[in-house]
Amino acid sequence: MTDLPGRKPPPHPETAPTFRERLENLRHLGRLVSQIWRTSRPLTAASIGLRLIASVQPIAMLYVGKLIIDEVVRLTSLSAPGPGFAEWWASGALTTIIGLLALELALVIFSDLLARATGLADAVLSELHSNQVSVELMTHAARLDLMHFESAEYQDRLERARRQAAGRNALLSQMFGQAQDIITVATLAGGLFFYAPWLILLLPLSFVPAVWGESRFNTLAYFMNRWRTPERRELEYIRYVGSSADTAKEIKLFGLGAFLIERFKRLAHTIFLENRRLSTQRAGWGAVFSSISALTYYGAYAFIVWRTIIGDFSIGDLAFLSGSFLRLNGLFQKILLGFTQIAGQSMYLDDLFSFFEIEPTILPPAHPKPFPQPIAQGIVFDNVGFRYPDTETWAIRGLSFTLHAGETLALVGENGAGKTTIVKLLTRLYDPDEGRISVDGIDLKDMRIEDIHAHIGVIFQDFIRYSLSARENIGVGRIDDQHDMDRIEDAAERSLADQVITKLPGGYDTQLGRLFNKGRDLSGGEWQKVAIARAYMRDADLIILDEPTAALDAKAEAEVFSRFKSLASGKTAVIISHRFSTVRMADRILVLENGAILESGSHEQLVALRGRYAELFELQAAGYR
Ligand SMILES: Nc1ncnc2c1ncn2[C@@H]1O[C@H](COP(=O)(O)OP(=O)(O)OP(=O)(O)O)[C@@H](O)[C@H]1O
């Protein structure tokens, strides 16, 4: 976690994008529309079609309103055919006004139906689209390298993209609504132009300032949001640590509740202050701009009233014109604000689409060679060097060794010596910066990553405790065979997980983990046995256990490994463990220090060497005496 002091200040207006950059962002809209179209063609077409019809409804309503008023005025000037409604009705004088009223009623009902149908189409489309984006996001994330997930910058980008996947639904309605409003404006402006052309010139005065203000604040809000992604992730993290089952034990025992709450408050407050400042400025300027707009409207209104008094316009015209002007004013504002909002939203879309532009760096070769099966000679690390991205120090340098086929190799070394890094390179989660890794002489880079992974069974120290059933927890080790019960039971037996599972109330169908109802949690060691079964599911030639036995008791670990040894006979295996009772079972041991090999040999050879291994072994053995 980082601390707030020393963070970069909130964005300055100078850092806002230029008009041109903003226009460039608009190209994302095309991508969005095609994504929406792909989601559902009929719904997209329905949403657009319904809006087209709705767009001419306002002018029709206003014009019928004008006709009604003019007709009422005409009727009031007539001499009454009689005292009651019956006489009026019988005279036939009411036919037109009744017809007009019926027409207006029909228009109102029709427009309500249209709005509901559009809302329905949009809601369904939005949800489908949001699901589609989430699926595309997950699909793309699955293509990326481990490097991307281990980097804070990419995490920020992923987080921003994820927020956009769910948060940009309003944009869809807004864009289509925008098109509808533009057509409405064209029809209304046509009517207004017919009566009093210069009134149109007054309109910009009323909306331009408001639009400018809105656009500016949208940009500022976006940058604020973007700037604060790390803090928001931190907030989420603190919220998670402070209120999740996984962390509850330690948080309670260390009494960390107040510490976390204080940290959360401090961080949230800083973000709150910035947001409040922006909202206050936005509200203040908004008030000024809407006053300007109201003044313009009433100026125009007064003029139309005057022209009506002197007889240039009928009362119906007055209603039509003032109504049109008011509507136009509102619509113009809405459209221009809509444009700035859409432009603003398109900046957020940049977060989404730029995530899709991140490409994996570990690429499949043009002409992949198959992973040797079985491994005949072995795996060779030839002068391998590797630095994690954005770090200065080499995690591994000048590393050369051979893992012979059928050999069990143990990697030993202090924390940070580079053991897990070797496994990551061996499984091509990263590519080395120097040297080469080959299997039976074939460079790992010449093989498809999926092919490599299919032939290696690996369990890391931070394996996942899936909140799935026991059967699925093992089945995911080879997803294509997740329903092969014989294979699952066999893997469970090899890893000793079967003893854990038979004790569960629902056997293999017991839900594991605490996340869901009726979930049964396991002890650390029991989880490990289940995880190791996943590696056996693969039935791979090369098995790697990266310290997954740390939580097993000594007896269980010895049992797991002696079984591993007998089962792995003929298989190539890498074991990482800090327990020498385990390590000594390996055929050969590599002692690592600072990413390089310090000693190498069998347990007996290394003890006889009286070097670092012997020293560490003595240290641990002394602990048991
Ligand atoms: N994702 C990463 N980004 C940057 N540096 C890393 C990353 N992972 C590991 N390192 C660094 O690389 C070095 C080797 O780490 P590695 O995880 O391979 O050690 P290890 O021998 O497996 O340690 P341990 O016994 O603690 O598991 C360490 O200095 C570590 O800080």
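As recorded in an unreviewed UniProt entry, the chain goes by ABC transporter ATP-binding protein/permease and comes from Devosia neptuniae. Of the comments in the UniProt record for the chain, the one headed Subcellular location (unreviewed entry) reads "Cell membrane". UniProt annotates the chain under Sequence similarities (unreviewed entry) with the comment "Belongs to the ABC transporter superfamily."

### Some details on the site of the ligand
Near the ligand there are 16 residues, and of these Glu150, Gly416, Lys419, Thr420 and Thr421 occur at the shortest range. Asparagine 415 is positioned such that a nitrogen or oxygen atom in its side chain is 3.0 Å from an oxygen atom of the ligand. Histidine 578 places a polar side-chain atom, nitrogen or oxygen, 3.3 Å from an oxygen atom of the ligand. Here the ligand loses 67% of its free accessible area of 640 Å² to cover by the protein chains. Along the lines of polarity and charge, the residues of the shell around the ligand split into three nonpolar, eight polar and five charged.

### Observations concerning the side chain of lysine 571
Following the sequence through the fold, lysine 571 ends up in the loop between α21 (554–567) and β8 (572–576). For lysine 571, a relative accessible area of 16% translates into the label buried. Within the structure, the side chain of lysine 571 is placed 3.4 Å from the backbone oxygen of alanine 540, a separation counted as a polar contact. The residues contacting lysine 571, other than those within four sequence positions of it, are Gly406, Glu407, Asp539, Ala540, Asp541 and Ile543.

### Re the side chain of serine 322
Within the secondary structure, serine 322 is located in helix α14 (residues 315–357). Under the relative-accessibility criterion, serine 322 is labelled buried at 10%. The contact partners of serine 322, leaving out residues within four places of it in the chain, are Tyr297, Tyr301 and Ile304.

### Description of the UniProt feature "transmembrane region" (unreviewed entry) in the chain
UniProt records the feature "transmembrane region" (unreviewed entry) at residues 48–69, 89–110 and 182–207, using the numbering of this structure. In residues 182–207, the share of helix is 88% and the share of strand is 0%. The end C-alpha atoms are 15 Å apart.

### Comments concerning the nonpolar core
Within the largest apolar cluster, 34 residues are counted, with the highest numbers of intra-cluster contacts made by Ile379, Phe381 and Leu542. At the level of secondary structure, the elements contributing two or more residues to this core comprise β1 (378–386), β2 (396–404), β3 (408–413), α15 (419–426), β4 (434–439), β7 (542–546), β8 and β9 (588–593). Apart from residues lying up to four places away in sequence, isoleucine 379 is in contact with Phe401, Thr402, Leu403, Leu426, Ile437, Ser438, Val439 and Leu542. Membership of the second largest hydrophobic core comes to 30 residues, among which are Leu496, Leu512, Leu522 and Val560.

### Comments concerning the domain arrangement of the chain
As far as domains go, the chain holds domain 1 (17–357) and domain 2 (456–539). Taking only C-alpha atoms into account, the centre of domain 1 sits 50 Å from that of domain 2.

Reading the values: rules and limits
- Residues numbered from 1 in each chain as written.
- Predicted model: local features only at pLDDT ≥ 70, side-chain atom pairs only at ≥ 80, totals over all residues.
- Heavy atoms only, no water.
- UniProt positions renumbered as here; feature names shortened; annotations may be inferred.
- Near = heavy atom within 4 Å.
- Polar contact = N/O pair within 3.5 Å; in protein donor to acceptor, adjacent residues only side chain to side chain.
- Areas by Shrake-Rupley, 256 points an atom, 1.4 Å probe, with all protein chains shown as cover.
- Nonpolar A, V, L, I, M, F, W, Y, C, P; charged D, E, K, R; others polar.
- Helix = DSSP H or I, 4+ residues; strand = E, 2+ residues; numbered from the N terminus.
- Buried < 20%, exposed > 50% of the residue type's maximum accessible area, 1.4 Å probe, protein only.
- Contact = heavy atoms within 4.5 Å.
- Core = buried A, V, L, I, M, F, W, Y, C linked by side-chain atoms within 4.5 Å.
- Domains from an automatic or database assignment.

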